Amino acid sequence: MSSNKKMSLTLKVLLGMVFGIIVGLIFNVMNNYASSGFLNAININAVNLFINDYIINGLFHVVGSMFVNALKMLVVPLVFFSLICGVCGIGDVKMLGRVGGKSFVLYMMTTAVAIATAILVAVTFGIGKGITIPTDANFDAKVSPPLTQVLIDIIPKNIIHAMANGDMLPIIFFSILVGISMLMVGKKASGFVEGAEVANEIMMKMVTIVMSVAPYAVFALIAKAVATLGLGLLVSLAGYVAVLVGALMIHLFITLMIVLKVFSGLSPLMFLKKMRNVQVFAFSTSSSNATIPVTMRSVTQRLGVNNSVASFTVPFGATINMDGTAIMQGVATVFIANIYQVELGMSGYVTVILMSVLASVGTAGVPGVGLIMLSMVFNQVGLPVEGIALILGVDRLMDMIRTAVNVSGDAVVSSIVAKSEGKLDVAIYNDPEAGLMNTDDVLHFDNTTMSNS
Ligand code: ASP
């Protein structure tokens, strides 16, 4: 069915997001009125209880969580099989090294630029100056592993354990090793290689099936998030929120697009158009990791990046590349330093940049991890960790926005690396219809081959 006649999935997902925001806002306002006792005359409390218990924390919660589970279910087998295919498809270990090296440097570089931009914008606006410290600030900091441990843990003691935990770096390591060994075994392993290719195709089909219900799931996830968020806090923290969102948008629409154009010559407009879907998924799940299946599909089928590159750069990026999170750390550091009247100075800011870049390597792309990284940064520069409590209320919403920026960075670097290796199909990249998905196209059974065999 032509995409002109049917509404594309991207459009449906966007509509799901818009309706989710509207319905969430209505429920949020109703909740606020109910708690203020304003509309007691029409017994709004009973209605509210029903909405909270059965709709927001019932229906929306169940539908949204089932969807996120389905995405997470796909991540490990998808990464495993596509990386094996990727390595076997490259067939050249040297190229693998180059792809790894280039993507690592680009990921670190874009993260460093992101946080430097954030600090610059936040310092320029002087956010946090003149705000007094509330006495009840309290934040329970969790610690993230030291870099030495991160390096050691790249090699899994037990791959089943790593897979069960969804630890991306050891899974990447193991899958590459399997792929390389298959190449070394040669002809005898060809059945296995073919099997992995079929498995990869099946996994991609599963991604398509899960994505076909996305419009409803995105609606449920966003409606629940907006309904339960402390939207009132957005107003009291308006300065912080505005500067943070501004810096995120500068990075997404200006810095990353300049990097894409300069390093690959590809069209930023086409990139942004094709990445909308992935950004909405990241926004509604707040998790780069859970978004891996969707990023992988879009990067390969919509942007034309060969699987041999994307199978590595996408899961690698979801783990080590967090531009949006780094931006939050930069803005939050300046904000809280100003509130506590701590003078960080040039060396303090350089430490913040280094720490954030390092912290992003060691922490996985899952919801809320940015705050753990932030407490590491605060400890290093001597800022009070309990200051993080001040931004906690709006962090859930900020997490959604910054995760969308994180996954965009992963896709930019994947495109640049693929283009530089001659592994990007420019015709697919420039074709607006390439890889477009209509929900009606999903249920297609090719049972002729099955019954004939
Ligand atoms: N939720 C983010 C991600 O998955 C990480 C964070 O900023 O907390 O990329």
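The structure contained in this document is the topic of the report that follows.

Calculation criteria
- Residues numbered from 1 in each chain as written.
- Predicted model: local features only at pLDDT ≥ 70, side-chain atom pairs only at ≥ 80, totals over all residues.
- Heavy atoms only, no water.
- Helix = DSSP H or I, 4+ residues; strand = E, 2+ residues; numbered from the N terminus.
- Expected span 1.5 Å × (residues − 1).
- Bend = angle between axes of the 7 residues up to and from the residue.
- Buried < 20%, exposed > 50% of the residue type's maximum accessible area, 1.4 Å probe, protein only.
- Near = heavy atom within 4 Å.
- Polar contact = N/O pair within 3.5 Å; in protein donor to acceptor, adjacent residues only side chain to side chain.
- Contact = heavy atoms within 4.5 Å.
- Salt bridge = Lys/Arg side-chain N within 4 Å of Asp/Glu carboxyl O.

## Digging into helix α17 (residues 389–420)
Each α-helix turn comprises 3.6 residues. Residues three or four places apart therefore point the same way.
Right, on to step 1. Between the first and last C-alpha of α17 there are 44 Å, a value that for 32 residues agrees with the 46 Å anticipated at 1.5 Å per step.
Right, on to step 2. At D395, α17 shows its strongest bend, of approximately 60°.
Right, on to step 3. Judged by how many residues are buried, α17 sits mostly within the fold: 27 of 32 residues are covered.

## Side note on the site of the ligand
Right, on to step 1. Around the ligand, 14 residues are found, and the nearest of them are S288, T325, G370, D399 and R402.
Right, on to step 2. One of the backbone N or O atoms of V366 is found 3.2 Å from a nitrogen atom in the ligand.
Right, on to step 3. D399 is positioned with one of its side-chain polar atoms (N or O) 2.7 Å from a nitrogen atom of the ligand.
Right, on to step 4. Of all the secondary-structure elements, those providing two or more residues to the shell around the ligand are α16 (369–381) and α17.
Right, on to step 5. Residue contributions to the shell around the ligand peak at four residues, all from α17.

## Considering helix α11 (residues 268–285)
Right, on to step 1. Taking 1.5 Å of rise per residue, the 18 residues of α11 would be expected to cover 26 Å, and the 25 Å separating its terminal C-alpha atoms lies within 8% of that figure.
Right, on to step 2. Where α11 bends most, at M275, the angle is about 45°.
Right, on to step 3. Burial of α11 is extensive: 14 of the 18 residues sit out of reach of the surface.
Right, on to step 4. The N-terminus of α11 is capped by S267, whose side-chain oxygen sits 3.3 Å from the backbone nitrogen of L269.
Right, on to step 5. Looking one or two residues past α11, S286 carries a phi angle of roughly 55°, positive in sign.

## Focus: the environment of L229
Right, on to step 1. Considering the arrangement of structural elements, one finds L229 in the loop between α8 (214–228) and α9 (231–236).
Right, on to step 2. By relative accessible area, which is 9% here, L229 ends up buried.
Right, on to step 3. Taking the C-alpha atoms as reference points, L229 and L25, separated by 204 residues in sequence, lie 9.4 Å from one another.
Right, on to step 4. Residues within four places of L229 in sequence aside, it is in contact with N28, R396 and L397.

## Focus on unusual backbone geometry
Right, on to step 1. Of note, the phi angle at S286 is positive, near 55°, even though the residue is not glycine.
Right, on to step 2. Locating S286 in the fold gives a position in the loop between α11 and α12 (288–302).
Right, on to step 3. Backbone geometry at Q341 places phi at a positive 50°, although glycine is not the residue there.
Right, on to step 4. In this fold, Q341 is placed in the loop between α14 (323–339) and α15 (345–362).

## Details of the pattern of salt bridges
Right, on to step 1. As enumerated under the stated definition, the model contains four salt bridges in all.
Right, on to step 2. One salt bridge in this structure joins K102 and E421, with 2.7 Å as the shortest N-O distance. Taken together, the residues K102 in helix α3 (residues 93–125) and E421 in the loop between α17 and α18 (426–430) connect sequence positions 319 residues apart.
Right, on to step 3. With a relative accessible area of 13%, E421 lands in the buried category.
Right, on to step 4. R402 is the salt-bridge partner of D395, the closest N and O atoms lying 3.0 Å from each other. Here the two residues D395 and R402 agree in accessibility, since each one is buried.
Right, on to step 5. One salt-bridge network, in which partners are shared between bridges, spans R98, K102 and E421.

Nothing here speaks to function; it is all geometry.
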